[in-house]
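# Tertiary structure, described
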Amino acid sequence: MYYRLVSNCIRWLLKFLMLTSSSSFKRINSLRQLLGGLGDRGDKKNLSVMGGNEDDDNPTIDDQPFTPWIVSVASGHMLLRDPHYNKGLAFTEKERDAHYLRGLLPPAVFTQELQEKRTLHILRQYQVPLHRYIAMMDLQERNERLFYKLLVENVEELLPIVYTPTVGEACQKYGSIYRRPQGLYISLKDKGKILEVMKNWPEKNIQVIVVTDGERILGLGDLGCQGMGIPVGKLSLYTALGGVRPSVCLPVTIDVGTKNENLLNDEFYIGLKQKRATGEEYDNLLEEFMTAVKNNYGEKVLIQFEDFANHNAFDLLIKYRTSHLVFNDDIQGTACVVLGGLLSALKLLGGTLSDHTFLFLGAGENSTGIAELISLEILKKTKATVEESRKKIWLVDSKGLLVSSRKDSLQHFKQPWAHDHEPVTGLLEAVKAIKPTILIGTSGAGKQFTKEVIEAMASINAKPLIMALSNPTSQSECTAEEAYTWSQGHAIFASGSPFDPVTYDGKEFVPGQANNAYIFPGFGLGLIMCGAIRVHDEFLLAASEALASQVTEEDYAKGIIYPRFKNIRKISAHIAAKVAARAYELGLASHLPRPSDLIKFAESCMYSPNYRSYR
């Protein structure tokens, strides 16, 4: 009774202060500390590094016109509706009494572990992956900590559900499965007021933004506003795999229209029904967005570009890499995870990176980004020139092998990879002419690694490395079974989407998954914990080397060139530590002094999804 009386008195005092004083927020924060209870989200450790807004949500209480500012201890029905604090049946008897939950819940008290077991049982009843995706998103909107607990402890099973390949189908059907807003939508309608729109987001201390314009979602093309599933999914992985606090993550979709006629004619489409803007109109909107981000959140917020079309992806990265902390996962993230796999594969292939010849199917942002990072690693380990380090890397686009005679007609980012050679039109002909030891597919077109191509690779190499990286599964250049069968069990195989183990000639082969989720969560954590304000190429090399170092001898024995996802938080901690270490070595870290043990520091910064006790 006394607690309720005090809470109500302070609640009315807070309302009075908000209406009467311009400095009310400072007073409110002081008074809220008196309330205790549920006033902070997540763990308090390392808040100076990890950030995060500790303010409660501001729910409305009825339909009458009024200023909807309510600042109070979450309790009763409001507490059950807040996904940040809700624990469902895991509220203890004491908590139910203290926070007016008695009667609002069934009498049983579950542990979080029992809730996890029950939820996993329910998920497994769904036969359709999209239904599991919807169930997971519903859980995230009801009980944030249980969602992340489930994902962290069952990552190998649930990663394909919350991200590739299922997220691709979810984006295609986003208008139909849309339930409640997730993330921030910025459209052409907001031109001139993006900063105001950004301030509508309830969390004020943002440290990671994943942004897309929806033009090239996975290998599925222009999905416009429905591309929001990608930033939402990526940031879920930032938290689950990298331990970045959910309150400092912001998913953003920039809606400039779409070229997809099916969406424009779909009555349930949730985006702007107009042709996609280009040129100056597009550039001006992106410039306003980038300026607003820096003005609102500062220099150290990481902006991850996601699934932009090739022509915009490179331009945006080049334009903003010297003024903002930017990272393009399609260009740099994919490059890191592939280079990590290549460095790891050397244990099975033998030799050094410079001893091998690489052939790419695809010459877009993925391929050239990977090629550039491979070249930088060769350059770092040898005395070769930039030109010499590139000569071992060949690319095939829709018109054939990139060769010098085509240079004048090539886009600028393809030109460094056009080498002296006779014109070659097809992939099979290129394999026979170049004789690569490593074949990498980033074309976004399925079934391009045909039986003839795989057989040619196997005839050239004792252990051909085949990397079919295009997503989703339907767009993969070949399946694991095809790679192992057509090479008669000699291939080392990795893919972008997951494949089940394959038995060939009595032996089990376990395909590796070159998933960007190995890299970007730990990479982002490393940037945050050292306070970097720009991304340096050395950080990318450090992340790749850290990933390769986590592959065990047991993995190599099964032909696996990537570590098991079940250890992903340990992997992310090592990547974060290696990235931060390189930043400190180069004098690019702003959080001083440098922690003595960066791996332990990274682990201590990670968000814990375990329930907290409420008083």
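Calculation criteria
- Residues numbered from 1 in each chain as written.
- Predicted model: local features only at pLDDT ≥ 70, side-chain atom pairs only at ≥ 80, totals over all residues.
- Heavy atoms only, no water.
- Helix = DSSP H or I, 4+ residues; strand = E, 2+ residues; numbered from the N terminus.
- Buried < 20%, exposed > 50% of the residue type's maximum accessible area, 1.4 Å probe, protein only.
- Contact = heavy atoms within 4.5 Å.
- Areas by Shrake-Rupley, 256 points an atom, 1.4 Å probe, with all protein chains shown as cover.
- Axes fitted to C-alpha atoms, helices over the stretch in contact; angles between N-to-C directions.
- Parallel < 35°, antiparallel > 145°, perpendicular 65-115°, else oblique.
- Pairing = 2+ DSSP bridges.
- Polar contact = N/O pair within 3.5 Å; in protein donor to acceptor, adjacent residues only side chain to side chain.
- Core = buried A, V, L, I, M, F, W, Y, C linked by side-chain atoms within 4.5 Å.
- Expected span 1.5 Å × (residues − 1).
- Arc of directions from axis to C-beta.
- Salt bridge = Lys/Arg side-chain N within 4 Å of Asp/Glu carboxyl O.
- pLDDT = per-residue confidence, 0-100.
- Phe/Tyr/Trp six-rings, centres within 6.5 Å; stacked < 30°, edge-to-face > 60°.
- Lys NZ or Arg CZ within 6 Å of the ring centre and 35° of its normal.

## Some thoughts on the overall build of the protein
The helix and strand inventory of the protein stands at 27 helices and 14 strands. Looking at the 615 residues of the protein, the share that counts as buried comes to 59%. Considering only intrachain contacts with a sequence separation of at least 6, the fraction spanning at least 24 residues in the protein is 71%. A total of about 26100 Å² of accessible surface is found on the protein, and carbon and sulfur atoms cover 52% of it.

## Side note on the packing of helix α8 (residues 144-153) against helix α13 (residues 229-242)
The angle between the axes and the distance between the axes are what describe a pair of packed helices. One way to put it is that α8 packs onto α13 with a least axis distance of 9 Å and a crossing angle of 75 degrees. Between α8 and α13, the angle is such that the two are roughly perpendicular. Side by side, α8 and α13 meet where Phe147, Tyr148, Leu151 and Val152 of the first sit next to Leu235, Ser236, Leu237, Thr239 and Ala240 of the second.

## Looking at the sheet that holds strand β8 (residues 400-401)
Taken in spatial order, the 7 strands line up as β8-β7-β6-β9-β10-β11-β14 in an open sheet, and their pairing is mixed. What marks the edges here is a single partner per strand, and that holds for β8 and β14 (512-513). Contacts between helix α20 (residues 427-434) and the sheet are confined to β6 (358-361), β7 (393-397), β8 and β9 (438-441), with β6 contributing the most and set at about 175 degrees to the helix.

## Side note on the environment of Leu547
Mapped onto the elements, Leu547 comes out in helix α24 (residues 537-548). The exposure class of Leu547 is buried, given its relative accessible area of 0%. On a C-alpha basis, the gap between Leu547 and Ser344 in space is 8.4 Å, while along the polypeptide they are 203 residues apart. In this structure Leu547 touches Val337, Gly340, Tyr518, Ile519, Tyr562, Pro563, Ile571 and Ile575, once residues within four positions along its chain are discounted.

## Details of the sheet that holds strand β5 (residues 325-328)
An order of β1-β3-β2-β4-β5 is seen for the 5 strands of this open sheet, with the pairing classed as parallel. Pairing within the sheet leaves two strands with one partner each, and these edge strands are β1 (184-187) and β5. Mean inter-strand twist for the sheet, computed between neighbouring axes without regard to direction, equals 25 degrees. Strand direction decides the pairing type here: β1 and strand β3 (residues 249-255), joined by 4 bridges, are parallel. Bridge pairing in β3 places Tyr185 opposite Thr253.

## Things to note about α8
Counting buried residues along α8, 8 of its 10 residues qualify, which places the element largely inside the surrounding structure. On its buried face, α8 sits against α6 (112-123), α7 (129-142), α9 (155-162) and α13.

## Remarks on the side chain of Asp329
For Asp329, the position within the fold is in helix α17 (residues 329-349). Residue classification places Asp329 among the buried residues on the basis of a relative accessible area of 0%. Reaching out from Asp329, the side chain makes a polar contact with the side chain of Asn516 at a distance of 3.1 Å. Beyond its immediate chain neighbours, meaning those up to four positions away, Asp329 contacts Lys234, Gln304, Phe305, Glu306, Thr334, Asn516 and Phe520.

## Regarding the nonpolar core
The biggest cluster of nonpolar side chains holds 121 residues, and the ones touching the most others in it are Tyr133, Ile374, Met467 and Phe523. Here this core takes 11 residues from helix α26 (residues 568-585), the largest share from any one element. Setting aside residues no more than four positions away along its own chain, Tyr133 makes contact with Ile161, Val162, Thr166, Val167, Ala170, Tyr174, Ile177 and Gly229. Ranked by size, the runner-up nonpolar core spans 36 residues in total, among them Leu188, Ile194, Leu285 and Leu317.

## Notes on α6
Between its first and last C-alpha atoms α6 spans 16 Å; for 12 residues at 1.5 Å apiece the expected length is 16 Å, and the two agree. Taken together, the buried positions of α6 are Gln112, Gln115, Glu116, Thr119, Leu120 and Leu123. One side of α6 carries all its buried residues, which in axial view fall inside an arc of 130 degrees. Turned more than 90 degrees from where α6 packs its buried face, Lys117 and His121 sit exposed. Buried positions along α6 lie against α7, α8 and α9.

## Notes on unusual backbone geometry
Residues other than glycine predominantly adopt negative phi, and peptide bonds predominantly adopt the trans conformation. Cis geometry marks the peptide bond from Thr164 to Pro165; its omega dihedral reads 5 degrees. Residue Leu592 is joined to Pro593 through a cis peptide bond whose omega torsion reads 0 degrees. Tracing the backbone through its elements, the reader meets Pro593 in the loop between α26 and α27 (598-605). Positive phi values are uncommon outside glycine, yet Lys447 reaches one of about 65 degrees. Even without glycine at this site, Asp505 takes up a positive phi of about 55 degrees. Residue class for Asp505 comes out exposed when judged on its relative accessible area of 73%.

## Remarks on the pattern of salt bridges
Taken as a whole, this structure holds 32 salt bridges when the rule is applied. Among the ionic pairs, Lys578 bridges to Glu545, the shortest N-O distance being 3.8 Å. Here Lys578, found in helix α26, pairs with Glu545, found in helix α24; they are 33 residues apart in sequence, far enough to count as distant. Arg564 is the salt-bridge partner of Asp555, the closest N and O atoms lying 3.6 Å from each other. Asp555 gets classed as buried once you look at its relative accessible area, which sits at 5%. The class of Arg564 is partly exposed, set by a relative accessible area of 25%.

## A few points about the confidence of the model for the protein
The predicted model of the protein averages 89 in pLDDT, with 88% of residues at 70 or higher. Predicted confidence is poor over residues 14-45, with pLDDT under 50, and the contacts of this stretch with residues over four places away or in other chains come to 60 contacts. Under a pLDDT of 50 for its full length, residues 52-70 has, in the predicted model, 38 contacts with residues more than four places off or in other chains.

## With respect to the environment of Ser476
Mapped onto the elements of the fold, Ser476 is located in the loop between β10 (465-468) and α22 (480-486). Along the backbone, Ser476 and Lys447 are 29 residues apart, and their C-alpha atoms lie at a distance of 6.6 Å. With residues up to four places along the chain from it excluded, the contact list for Ser476 reads Gly446, Lys447, Ala468, Ser470 and Phe499. At 2.8 Å, the side chain of Ser476 and the backbone oxygen of Cys478 are in polar contact.

## Comments concerning the packing of aromatic side chains
A complete count under the given rule lists 12 aromatic pairs for this structure. Taken together, a centroid distance of 4.9 Å and an interplanar angle of 80 degrees make the contact between Phe147 and Tyr148 edge-to-face. Classification of Phe147 as buried rests on a relative accessible area of 0%. When the centroid spacing of 4.3 Å and the interplanar angle of 15 degrees are considered together, the rings of Tyr518 and Phe565 count as stacked. Separated by 47 residues along the polypeptide, Tyr518 in the loop between β14 and α23 (520-530) and Phe565 in the loop between α25 (553-557) and α26 bring together distant segments of the chain. Of the residues examined, Tyr518 reaches a relative accessible area of 3% and is grouped as buried. The rings of Tyr484, Phe493, Phe499 and Phe509 are connected pair by pair, giving a single aromatic cluster. Of note, Arg390 hangs over the ring of Trp417, and the distance from its end group to the ring centre comes to 5.2 Å.

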